[in-house]
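# Overview (structure and organization)
Here is what each chain is made of, one letter per residue.
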Amino acid sequence: DALDKIGFSSHFLISLINDIIDISKIESGKMQLSLAACDLRDIFRRIEDITALQAKNKSITITYSHDTVHHYKVMADDLRIEQVLINITGNAIKYTPEGKSVELIAEELGATEDKKIKYRFIVRDTGIGISKEYLPHIFESFTREEKTTVNRVQGTDLGLAITARVVEMMGGVISVKSKPGEGSEFTVELALEPSEPDDDTAEPDEMLQSVLNGKRVLLVEDNAINAEISTIILEQYGIVVEI
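Residues numbered from 1 in each chain as written. Predicted model: local features only at pLDDT ≥ 70, side-chain atom pairs only at ≥ 80, totals over all residues. Heavy atoms only, no water.

### Some thoughts on the overall build of the protein chain
When helices and strands are tallied, the protein chain shows 7 helices and 9 strands. For the protein chain, restricting intrachain contacts to residue pairs at least 6 apart in sequence, the fraction spanning at least 24 positions comes to 70%. A total of about 14,700 Å² of accessible surface is found on the protein chain, and carbon and sulfur atoms cover 54% of it. (Helix = DSSP H or I, 4+ residues; strand = E, 2+ residues; numbered from the N terminus. Contact = heavy atoms within 4.5 Å. Areas by Shrake-Rupley, 256 points an atom, 1.4 Å probe, with all protein chains shown as cover.)

Printed below as a string of structure tokens:
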């Protein structure tokens, strides 16, 4: 029991320190984005791994959707996108009572004039909601709505302030709408440059399909799972496989 309390306290402390370091970097202009080729699917997967466990521990139903996204490979700071979405989703889980629900939705909105791809990320919950008076202050540092239900939740009160400033650094927009007792909806819009090559946007290689269709392949593989996967891939090109 003592070790659990030490672990929880140290986790809370490191979160506090990291948030203060981040807000200090942002305010001093020292925070920089590290742009690199990344895959949004990997970001979604990591976010799901973390937030699904948080939701399960609170007995909250959480759903994820990115059905309308077609361009997954982009030039971006993947850790900062992940930080933004985990902060908002984690906040939604934190302030949503047991038995309620949270949604994380990613949408592709099309191309911008400078050939970037516009994305919208929505985090919607059925939690306690935010009052009309506090809503304009939601992205300010060290602010918290004075509610008994909110004051019982531990936190640094910096997560949304950091999130808003990181989104701004990425040239995006963040907004929120909420009704007390009904829940909240946070929306982040980002325009990201596609990275090349993007296999998801490539045309099917019909020439390769026509060359391989009907060919026979002897697959020598001593691992049953590898054999199964290899067979599926080869058969997609019309190849007749014998193991």
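### A few points about unusual backbone geometry
Look at Ser-59: it is not a glycine, yet its phi comes out positive at around 60°. Within the secondary structure, Ser-59 is located in the loop between helix H2 (40-57) and strand S2 (61-65). Phi angles above zero are rare outside glycine, and Lys-115 is one such case at about 65°. Mapping Lys-115 onto the fold places it in the loop between strand S4 (101-111) and strand S5 (117-125).

### A short note on helix H5 (residues 159-169)
Burial within H5 is extensive, with 8 of its 11 residues counted as buried. Every buried residue of H5 is listed here: Gly-159, Leu-160, Ala-161, Ile-162, Thr-163, Ala-164, Val-166 and Val-167. Two residues or fewer after H5 comes Gly-171, characterised by a positive phi angle close to 75°. (Buried < 20%, exposed > 50% of the residue type's maximum accessible area, 1.4 Å probe, protein only.)

### Examining the packing of aromatic side chains
Going through the model one piece at a time under the given rule, you end up with 3 aromatic pairs. The interplanar angle of 65° and the centroid separation of 6.4 Å between the aromatic rings of Phe-44 and Phe-121 together place this pair among those described as edge-to-face. Of the two residues, Phe-44 is situated in helix H2 and Phe-121 in strand S5; the sequence distance between them amounts to 77 residues. Each ring, one from Tyr-119 and one from Phe-121, has its centre 6.4 Å from the other, and the planes form 20°; the classification is stacked. Accessibility classification places Tyr-119 together with Phe-121 in one group, the buried group. Through a chain of ring-to-ring contacts, three or more aromatic side chains come together here, namely Phe-44, Tyr-119 and Phe-121. Here the basic side chain of Arg-41 rests over the ring of Tyr-72, its NZ or CZ set 4.5 Å away from the ring centre. (Phe/Tyr/Trp six-rings, centres within 6.5 Å; stacked < 30°, edge-to-face > 60°. Lys NZ or Arg CZ within 6 Å of the ring centre and 35° of its normal.)

### Some details on H2
In a regular helix each residue adds 1.5 Å, so 18 residues correspond to 26 Å; H2 covers 26 Å between its end C-alpha atoms and thus fits that length. Among all positions in H2, only Leu-40, Ile-43, Phe-44, Ile-47, Thr-51 and Ala-55 are buried. Turning to H2, the residues buried within the fold contact strand S1 (36-39), S2, strand S3 (73-76), helix H3 (78-94), S4 and S5. One side-chain oxygen of the residue at the start of H2 lies 2.9 Å from the amide nitrogen of Arg-41, identifying that residue as Asp-39. Two residues or fewer past H2, Ser-59 is found with a positive phi of approximately 60°. (Expected span 1.5 Å × (residues − 1). Polar contact = N/O pair within 3.5 Å; in protein donor to acceptor, adjacent residues only side chain to side chain.)

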